[in-house]
Amino acid sequence: MFAIVEIAGLQYKVEQDQKLFVNRLKGDKGGKVSFDKVLLTVNGAITVGAPAVSGITVEAEILDHVKADKVIVFKKKRRKGYKVKNGHRQSLTQIVITGITGFEGGAKKAAKKETVKGEVLSDNATVNFGEDHELNYHLKKNGLSQSKENREALIALGKEVKAELGKDVLTHEDVDAAIAKNIENFKALNK
């Protein structure tokens, strides 16, 4: 069982009781930290997050705050007499992974999400009344002007149809049927 988790901006493959050095974290020596941005888990089955796996957390304990080995930064321009030598020591935190939790709850949540997705229509099948181009598409399809008044009338009609049908979102077929039923109202606006 392992997980790929994002810690302080970098991704690490972690397992139970693994020690690793990460960029400096806030917290005291012996303190507990948890990371919830888990990108992938493998526990018999592979679970890939989009962007993160929900319900899974990686628990860790801070062992020590240390500095990495010195890195020499040397700059030189030949024939110019320019030489600069600097050193840098990165601040690191040594942690030990104490556990990867949430597998039972994460599996249940993923199963629930999959059943809900089967019932919900995709974005391509529904009409977004906040987008002018979708409203213009339906007006043009029914031979109506794409004026601001027609778009506002279509938005009002959409609210009425949602209340009438008891739906939160309308499909393209619902909107076309509503326009065909109330075509006289749109023609009256164009006069």
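Just so you know, the residues in each chain are numbered from 1, in the order the chain's sequence is written. Confidence filtering applies because this is a predicted model: local features only for residues at pLDDT of at least 70, side-chain atom pairs given and counted only at 80 or more, and all residues used for totals across whole chains, interfaces and linings. Side-chain numbers come from the whole structure's heavy atoms, not from hydrogens or water.

An unreviewed UniProt entry lists the chain under the name Large ribosomal subunit protein bL21, with Chryseobacterium gallinarum given as the organism. UniProt positions are given in the numbering used here, feature names are shortened, and annotations may be inferred rather than shown by experiment. If you open the UniProt record of the chain and go to Sequence similarities (unreviewed entry), you find "Belongs to the bacterial ribosomal protein bL21 family."

Chemist: For this particular structure, what's the right way to read unusual backbone geometry?
Modeler: Peptide bonds are mostly trans, and most non-glycine residues show a negative phi. Note that the residue after Ala50, namely Pro51, is joined by a cis bond; omega there is -5 degrees. Note that Pro51 resides in the loop between strand 6 (46-48) and strand 7 (57-67). Even without being glycine, Ala8 reaches a positive phi, approximately 55 degrees. Positionally, Ala8 belongs in the loop between strand 1 (2-7) and strand 2 (10-14). In this model, Asp17 sits at a positive phi of 65 degrees, which is unusual for a non-glycine residue. Strands are runs of DSSP state E lasting at least 2 residues, helices are runs of H or I lasting at least 4, and numbering of each runs from the N terminus.

Chemist: Could you clarify how one ought to interpret the confidence of the model for the chain in this entry?
Modeler: For any part of a model where pLDDT is low, the fine detail of the predicted coordinates should not be relied upon. Of all residues in the chain, 85% attain a pLDDT of 70 or more, and the chain-wide mean is 83. Here helix 1 (residues 103-119) is the element of the chain with the lowest mean pLDDT, 49, and strand 9 (residues 82-88) is the one with the highest, 98. Contacts from residues 105-110, a stretch scored under 50 in pLDDT, to residues over four places away or in other chains number two contacts. Predicted confidence is poor over residues 113-119, with pLDDT under 50, and the contacts of this stretch with residues over four places away or in other chains come to one contact. Scored from 0 to 100, pLDDT records how confident the predictor is in each individual residue. Here, two residues are considered to be in contact whenever any of their heavy atoms come within 4.5 Å of each other.

Chemist: Looking at this structure, how should I read the sheet that holds strand 1?
Modeler: Consider a sheet: its strands pair through backbone hydrogen bonds, and that pairing is either parallel or antiparallel. Strands were regarded as paired on the criterion that DSSP finds at least two bridges between them. Reading across from one edge, 2-1-5-6 is the order of the four strands in this open sheet, with antiparallel pairing throughout. In this open sheet, the two edge strands, each paired with only one partner strand, are strand 2 and strand 6. Taken over all neighbouring pairs, the strand axes of this sheet differ in orientation by 15 degrees on average, direction set aside. Strand direction decides the pairing type here: strand 5 (residues 38-42) and strand 6, joined by three bridges, are antiparallel. Paired with Leu40 across the bridge in strand 6 is Val48. The angle between two axes is taken between their N-to-C directions and runs from 0 to 180 degrees, where each axis is a line fitted to C-alpha atoms and a helix contributes only its stretch in contact.

Chemist: What exactly am I supposed to notice about the side chain of Thr93 here?
Modeler: Note on placement: Thr93 falls in strand 10 (residues 91-101). Polar contact is the term for a pair of N or O atoms within 3.5 Å; when the atoms are in protein, one must be able to donate a hydrogen and the other to accept it, and sequence-neighboring residues count only if both atoms are side-chain atoms. Within polar-contact distance, the side chain of Thr93 engages the side chain of His65 at 3.1 Å. Non-local contacts of Thr93, meaning those with residues more than four positions away in its chain, are made with Leu20, Phe21, Val22, Asn23, Arg24, Leu25, Ile62, Asp64 and His65.

Chemist: I'm lost on the sheet that holds strand 3 (residues 19-23) in this one. Help?
Modeler: Strand order in the open sheet made by the four strands is 3-10-7-4, with antiparallel pairing throughout. In this open sheet, the two edge strands, each paired with only one partner strand, are strand 3 and strand 4 (32-35). Each strand axis lies, on average, 45 degrees off the axis of its neighbour in the sheet, ignoring direction.

Chemist: Would you take a moment to explain the pattern of salt bridges for this structure?
Modeler: Side chains that differ in charge, positive against negative, can pair when their charged atoms come close. By definition here, a salt bridge exists when the distance from a side-chain nitrogen of Lys or Arg to a carboxyl oxygen of Asp or Glu is within 4 Å. If you walk through the whole model with that rule in mind, you get three salt bridges. The salt bridge involving Glu6 is made with Lys37; its shortest N-O contact spans 3.8 Å. Of this pair, Glu6 sits in strand 1 while Lys37 is found in the loop between strand 4 and strand 5, placing the two residues 31 residues apart along the sequence. Only protein chains enter the calculation, and the probe is 1.4 Å; a residue is then buried if its accessible area is under 20% of its type maximum, exposed if over 50%, and partly exposed in between. According to the relative accessible area criterion, Lys37 is partly exposed, its value standing at 37%.

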